[in-house]
Amino acid sequence: MTESQCIVRIQSAYPHLSEKERRIADYILNHPKETIHSSINQVSARIKVADATVFRFCRRLDFKGFQEMKIVLASDIARSQRFDETIKSESNDEMMKLAEQVFQDNIRTLENTYQILNRTDFKKAVRILTHSNRVALFGSSGSALIAQEAHRKFVRAGVMTSAPNDGEFQMLSAAQLSNLDAAVFISYSAMDKHLVQVAKMVKQKKCPAIGITGFMKSALGELMDVSLHTVAVPTDFRSESYVARAAQMTLIDALFVSVMNQRKEAQLSDDAHSSMLYRDEFGK
């Protein structure tokens, strides 16, 4: 995993944390400056948990330890200060300030998602989609709309895709997949029990599965061959899942453009090979 923001990881993981882990998370989010100037012993004493609990919390966020978490957190603080200074310098028009906040939240969501993007997994996902006979896209609730939009995007480019909405039809579609196909699961929370059942069916068919989920381990994520994560900036007027849709759609756009480019290069290579064979045959 590439180096990413500390606060982003905490916010994304928060719904899945235990009671003690949430206490640690709350302290760090509410007292970031104190945290970076404290030792692990000092922080654990303030929260009244064991040093080992704080260390495991850092490891759960994919940091090597408390010290690495503090380094990334310090970078977060500096970045946040620059962002706040930019906001303060803008117009006092309340309506435009609100509109600007929406834009800034989406921009930060995209930046944060790009920062945690695992390059190796992204390239693997592109290879799977490029060489698949057909692609099935699965989503639930708001993510189902993203799956439908991805389906329209890919099918217009000549890629055989489907995006079943009905739960029963999703299971039926999953049962018809093979190891020559691909399945894409889109879910920010990755907690939908039905999607987990669909993913288990996909695994039974030995079909490669790609997940586009929130940044945290989950039952759905454990069933994926490739996991791509999105993160969202929480706001007072929109839920994280709504904000995450901008990141989901952008990530799908990136996959789409990359897959189309790979298919174009493969087609050009095939055309060149065919032309060479023709010339060789014609010259005989």
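The present account deals with the structure reproduced in this document. Keep in mind that this is a model prediction, so the values were computed, not measured.

Before going further, it helps to spend a moment on the pattern of salt bridges. Throughout the structure, instances matching the rule amount to five salt bridges. For R152, the salt bridge identified is with E149, shortest N-O distance 3.1 Å. Taken as a pair, R152 and E149 lie in helix α9 (residues 142–156) at a separation of three residues, close to a single helical turn.

Two quantities define a packed helix pair, namely the angle between the helix axes and the distance between the axes. One can describe the packing of helix α4 (residues 40–47) onto helix α5 (residues 51–60) by two numbers: an axis separation of 8 Å at closest approach and a directional angle of 105 degrees. In terms of orientation, α4 lies roughly perpendicular with respect to α5. Note on element contacts: α5 touches α4 through D51, V54 and F55, opposite I40, N41 and S44. Residue classes in the contact of α4 with α5 are distributed as three nonpolar, two polar and one charged.

Glancing now at the environment of H37. Inspection of the secondary structure puts H37 in the loop between α3 (32–36) and α4. Residue H37 is classed as exposed on the basis of its relative accessible area, which comes to 67%. Considered as a pair, H37 and A74 are 37 residues apart in the sequence and their alpha carbons are 9.5 Å apart.

This brings us to the packing of aromatic side chains. The final tally for this structure, using the stated rule, is two aromatic pairs. Judged by centre distance (5.1 Å) and plane angle (25 degrees), the rings of F138 and F185 are stacked. You can see F138 sitting in strand β1 (residues 135–139) and its partner F185 sitting in strand β3 (residues 182–187), a full 47 residues away along the chain. Ring centres of F154 and F256 lie 5.2 Å apart, and the angle between their planes is 90 degrees; on these two criteria the pair is classed as edge-to-face. Taken together, the residues span a long stretch of sequence, with F154 in helix α9 and F256 in helix α13 (residues 240–283) at a distance of 102 residues.

Our focus in this paragraph is the pairing of β1. Within β1, five of the five residues are buried, which leaves the element mostly enclosed by the surrounding structure. Alternating residues of β1 divide into V135, L137 and G139 and A136 and F138, and every residue in both groups is buried. Where β1 lies against strand β2 (residues 161–162), two bridges are found, and the strand directions are parallel. Bridge assignment links V135 to a residue of β2, and that residue is T161.

Another point: the pairing of β3. Of all six residues that make up β3, six are buried, and the element is covered over most of its length. Side chains of β3 alternate between two faces, with A182, V184 and I186 and A183, F185 and S187 buried alike. Examined bridge by bridge, β1 and β3 share five bridges and lie parallel to one another. Within the sheet, the bridge partner assigned to F138 lies in β3 and is F185. Chirality of the crossover, the property in question, places the unit of β3, helix α11 (residues 193–204) and strand β4 (residues 209–214) among those that are right-handed.

With 28 residues, the main nonpolar core has L129, V184, I210, L228, I252 and L255 as its most contacted residues. Of all the secondary structure elements, the ones that give two or more residues to this core are α8 (119–130), β1, α9, β3, β4, β5 (226–230) and α13. No other element matches α13, which puts seven residues into this core. Ignoring anything within four residues of it in the chain, the contact list for L255 reads F122, A125, V126, L129, F154, I212 and L228. Formed by 21 residues, the second largest nonpolar core is a distinct cluster that contains L17, I28, V43 and M69.

Cut-offs used in this document
- Residues numbered from 1 in each chain as written.
- Predicted model: local features only at pLDDT ≥ 70, side-chain atom pairs only at ≥ 80, totals over all residues.
- Heavy atoms only, no water.
- Salt bridge = Lys/Arg side-chain N within 4 Å of Asp/Glu carboxyl O.
- Helix = DSSP H or I, 4+ residues; strand = E, 2+ residues; numbered from the N terminus.
- Axes fitted to C-alpha atoms, helices over the stretch in contact; angles between N-to-C directions.
- Parallel < 35°, antiparallel > 145°, perpendicular 65-115°, else oblique.
- Contact = heavy atoms within 4.5 Å.
- Nonpolar A, V, L, I, M, F, W, Y, C, P; charged D, E, K, R; others polar.
- Buried < 20%, exposed > 50% of the residue type's maximum accessible area, 1.4 Å probe, protein only.
- Phe/Tyr/Trp six-rings, centres within 6.5 Å; stacked < 30°, edge-to-face > 60°.
- Pairing = 2+ DSSP bridges.
- Right-handed = clockwise from strand over helix to strand, strands pointing away.
- Core = buried A, V, L, I, M, F, W, Y, C linked by side-chain atoms within 4.5 Å.

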